[in-house]
Amino acid sequence: MCHVTQRSSTFSFPKICSIFWRFHHTSTSHWCSCSKTISDEKYQDPFQLGKKDLKNLYEDIKKELLVSAAELKEMCDYYFDGKGKAFRPMVVVLMARACNIHHNNSNKLKISARACRVLSVLLGHNPSVVCNHLHYEKPQRYPSMHQPPSSATGAVLAGDFILSAASVALARIGNTTIISVLTQVIEDLVRGEFLQLGSKENENERFAHYLEKTFKKTASLIANSCKAVSILGCPDPKVHEIAYQYGKNVGIAFQLIDDVLDFTSCADHLGKPAAADLKLGLATGPVLFACRQFPEMNAMIMRRFSKPGDVERARKYVLQSDGVQQTTYLAQRYCHAATREIRKLRPSPEREALVHLTEMVLTRDK
């Protein structure tokens, strides 16, 4: 059984700051070099290429979620309404085809790979994510669950139900290697949740803690889903590592940009309140970078922005600092790493679409 050791980023905070402080003084045109490099390639729209593979995605998901309880059905119907961009399953199907082409010049998608695209959605809606979203959304979006504690209880039950359905679907694949790879995602989700509950007093440790949490809660799902379909499509362990590294780097970049948008995008556009992470007590990349210029934020981080006025002051400090810019640069570096990995595969439309997807991660606005 092929096994790739999970690795989180090992950047130290001072090293990151020194690298990106140098970038801070470069021109805007230099900052955009990543986008120019990618755009010069033959354009491949990921969502057009994967459209056929995602056509019945949400119907397949709903087949896994046969539920009669009214509250659970309402939550499940809301989360799987088919209105999203389906980023994770898009990456999975493109990776599956790219690896197939690399191995035997066939872009046919296997049945088990189709199951993996469903799992990439189900596992992404774990109890923690559902509960957090419930805090973000307006009560009228859940008319039967707007009164606590039933709201939180309903969210946790819905998340647990979705996770159990994912476990059943995973077992049905019947491939022990794939099961081993994807159950790592569940373990990482739990460990990531524990990491999110704590913080580190030491500045270096705090940033490493943040990146490890980001990997486990977000990037592990994409990395291991990519690895799973690469195993299905190609026997070469080197290809499995390429797929894993691409997914890991794209996943971390995606979350870094998400953390940036929490400070730069308006609430209506983003779909959750401004500074939502601060309100949950979370210190993300922009906050940690801002601490270098505003050391008084350290005390706020340790008390998880719990005192009156903490959230407003922390948000002001972040916007006055270069925290947003530095976090964006960091995401750009992860996207560069993802591009370097995927270009090791044989050229194909799917490979170029995965390259273009890194640009979309950097330029998205919600």
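Please read these numbers as outputs of a predicted model, since none were measured by experiment.

Undergrad: Could you clarify how one ought to interpret the packing of aromatic side chains in this entry?
TA: In this description, a pair of aromatic rings is defined by centroid distance and the angle of the planes. If you walk through the whole model with that rule in mind, you get four aromatic pairs. Grouping aromatic residues by their ring pairs yields a cluster made of F207, Y210 and F289.

Undergrad: Would you take a moment to explain the pattern of salt bridges for this structure?
TA: Oppositely charged side chains may form a pair once their charged atoms are brought near each other. The tally for this structure, following the rule as stated, stands at 14 salt bridges. Between R97 and D53 there is a salt bridge, and its shortest N-O distance comes to 2.7 Å. Of this pair, R97 sits in helix α8 (residues 87-104) while D53 sits in helix α5 (residues 51-54), and the two are 44 residues apart along the sequence. You can call D53 buried: its relative accessible area is 1%. Among the charged side chains, a network of salt bridges with common partners joins D53, R97 and R114.

Undergrad: Got a minute to help me understand a nonpolar patch on the surface in this structure?
TA: A contiguous nonpolar surface patch, about 340 Å² in accessible area, is contributed by V190, F194 and L197. Structurally, F194 can be placed in helix α12 (residues 176-197).

Undergrad: I'm lost on α12 in this one. Help?
TA: Quick reminder: α-helices carry 3.6 residues per turn. Residues three or four places apart thus point the same way. Across its 22 residues, α12 extends 32 Å between first and last C-alpha, which sits within 8% of the 32 Å expected from 1.5 Å per residue. Inspection of α12 places T177, I178, V181, L182, Q184, V185, D188, L189, G192, L195 and Q196 among the buried residues, and these make up the whole buried set. What you see down the axis of α12 is that its buried residues fit within an arc of 145°, all on one side. Across α12 from its buried face, at more than 90 degrees, point the exposed residues T176, F194 and L197. The backbone nitrogen of T177 lies 2.9 Å from a side-chain oxygen of the residue at the head of α12, namely N175.

Rules used throughout
- Residues numbered from 1 in each chain as written.
- Predicted model: local features only at pLDDT ≥ 70, side-chain atom pairs only at ≥ 80, totals over all residues.
- Heavy atoms only, no water.
- Phe/Tyr/Trp six-rings, centres within 6.5 Å; stacked < 30°, edge-to-face > 60°.
- Salt bridge = Lys/Arg side-chain N within 4 Å of Asp/Glu carboxyl O.
- Helix = DSSP H or I, 4+ residues; strand = E, 2+ residues; numbered from the N terminus.
- Buried < 20%, exposed > 50% of the residue type's maximum accessible area, 1.4 Å probe, protein only.
- Patch = residues over 30% accessible without salt bridge, like charges linked within 9 Å, V, L, I, M, F, W, Y side chains within 5 Å.
- Areas by Shrake-Rupley, 256 points an atom, 1.4 Å probe, with all protein chains shown as cover.
- Expected span 1.5 Å × (residues − 1).
- Arc of directions from axis to C-beta.
- Polar contact = N/O pair within 3.5 Å; in protein donor to acceptor, adjacent residues only side chain to side chain.

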